[in-house]
Structure formats: C-alpha cells, structure tokens
Amino acid sequence: MKKIITIVLLIYSVVFPQKFKIEKTSGTVKALTGNSEIWNSVKSGDELPVNSILTIEKNSSVKISGNEILLTLNENSAVTLSSLKKMNTEDLLLALAMENILSAPRKNKNNNSQSTAVYGKNEFEKNPVVSNEEFGLKRLNGAKQLAENGLKESAVVTAKEVYRKYPSTKSLADYRIFFADILFEKKLYEEALDDYNEIQKLNLTEPQKEKINQRIEEIKKKLAK
C-alpha cells in the first residue's frame, strides 16, 4: 500500500501547482501550513503551499486561484488546498479505491481489529481551530462547496476522507445523501449503491427513507439489465 500511496503522491506533485494564490478575502480566513500548529490569517496576494488547510469563518469568504481553478469558498467551511483539482471519472474511481484501502480495518500486533479513523490523518490537521467534530462538519461544508463550484469528483473524494478522519460525520444523513447522489449522477451505480445501503441504516426522516429506497430500487434495476 505504501508503494501505491507514493506513486499517487508523485503524480500529485507533478499535476498540482506548488502554490495557490489568495485573490481576495472577506472576514476571517485562516490557514494551517506544513507541520505548523499555528493558524495564521491570510490576506489578498498571499501564496500558500498545496498541503495547506483553509478555514473560513462565519460571515467570511475567500477567492482562490491555482491549478487552472478559480473559485470562491464561503463561510463555515474548511478545505485542504490539495482537494482543489479537476478530476474525471477514472480519477474518481482510483481515489475511491485508495480511500477504501485507507479505511479498511487494520490489525494490531495482538491481531485484533483496530479502527482506522486516525490512519492517514495529516499532521497539519492535529490542531483544529474548533473541536474535531465541528471541524469535520466544516470540511463537509467545504466539500459541498467544491461540488457547487463544479468540482464534483473532488468533492466526493474529500467527503470520503472526512468520514474516515472524523467518523461522527458519517451519521449526517443530508451530507451522505448529497455525495451519494453525485455518484448516482456520474452513473457509478455500484459505488452509489454501497453508500445508499449504508445511509439506509442511519436515523432518517420519512422523506429521506423514501428517497433512499427509491434510489436503491432504481439502481438494482439498472444493474440487473
């Protein structure tokens, strides 16, 4: 698995710019970069390395450019700059496979199953500006905004990463449905079905239950053809 991750990182280092530029900010926007544990305010004209995390506070926004992307992120969200990338369906499937590997149960030396919630956790995320649970929610908000800016594949990958690192966010049905619907829209029916089956186990409202049941039946018919 280490070899696979190394290859992916090498690809990213070629594809990604070394810097993203802050074009404009409004309100409070902070960044955590590299191995730093200190969140610093950012301003227009700042350049940030690709491994930075941005957090956008209430009544705030930031416009970012880099990697042939220009987008604005709004309040109560957080993003890793490495997630600001265009992906095709094949890229998405590869990234989902990587997430499945990272999320798979591991065993410790005593051969007991061990949760992987902490595996793959970036060092620069170890000092969030809010509680881990709230920061996970902010990252899901960031992922939704990626989708709203046209980066739907990247949004799904980001959401999967958030679920792995902040397990409590997996119970947020509205978000789970939102990202599963993207997989359905992309005609990745098997992947969408896996998500809908998991979502079906959550504490859902009646409209949510009805929608999930309809989606599952629709996918089963498509896969049976």
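Everything here concerns the structure above.
Residues numbered from 1 in each chain as written. Predicted model: local features only at pLDDT ≥ 70, side-chain atom pairs only at ≥ 80, totals over all residues. Heavy atoms only, no water.

S.K.: Tell me about the sheet that holds strand β4 (residues 47-49), and please be specific about residues and values.
M.R.: Pairing in this open sheet of 4 strands is antiparallel, and the strands run β4-β1-β6-β7 from one edge to the other. Across the chains shown, the open sheet's two edge strands, defined by having one partner strand only, are β4 and β7 (69-74). Taking each pair of neighbouring strands and ignoring which way they run, the sheet shows an average axis angle of 30 degrees. Sheet topology places strand β1 (residues 19-26) next to β4; 3 bridges connect them, and they run antiparallel. By the bridge assignment for β4, K21 is matched with E47. (Pairing = 2+ DSSP bridges. Helix = DSSP H or I, 4+ residues; strand = E, 2+ residues; numbered from the N terminus. Axes fitted to C-alpha atoms, helices over the stretch in contact; angles between N-to-C directions.)

S.K.: Describe the pattern of salt bridges, listing the residues and the values that go with them.
M.R.: What the rule picks out here adds up to 12 salt bridges. The residue E153 makes a salt bridge to K186 at a minimum N-O spacing of 3.1 Å. In this pair, E153 sits in helix α4 (residues 152-165) while K186 sits in the loop between α5 (173-185) and α6 (189-199), placing the two residues 33 residues apart along the sequence. Classification of K186 as partly exposed rests on a relative accessible area of 26%. One connected set of salt bridges, linked through shared partners, spans R139, E161 and K165. (Salt bridge = Lys/Arg side-chain N within 4 Å of Asp/Glu carboxyl O. Buried < 20%, exposed > 50% of the residue type's maximum accessible area, 1.4 Å probe, protein only.)

S.K.: Which residues make up the packing of helix α3 (residues 132-148) against α5, and what values go with them?
M.R.: Between α3 and α5, the shortest axis-to-axis distance is 11 Å and the interhelical angle comes to 30 degrees. Here α3 lies roughly parallel to α5, going by the angle between them. In this structure, the crossing between α3 and α5 has a hand that is left-handed. Contacts from L137, L140, N141, A143, K144 and A147 in α3 reach Y175, F178, F179 and I182 in α5. Of the residues assigned to the contact of α3 with α5, the class counts are 8 nonpolar, 1 polar and 1 charged. (Parallel < 35°, antiparallel > 145°, perpendicular 65-115°, else oblique. Left-handed = near helix turned anticlockwise from the far one by under 90°. Contact = heavy atoms within 4.5 Å. Nonpolar A, V, L, I, M, F, W, Y, C, P; charged D, E, K, R; others polar.)

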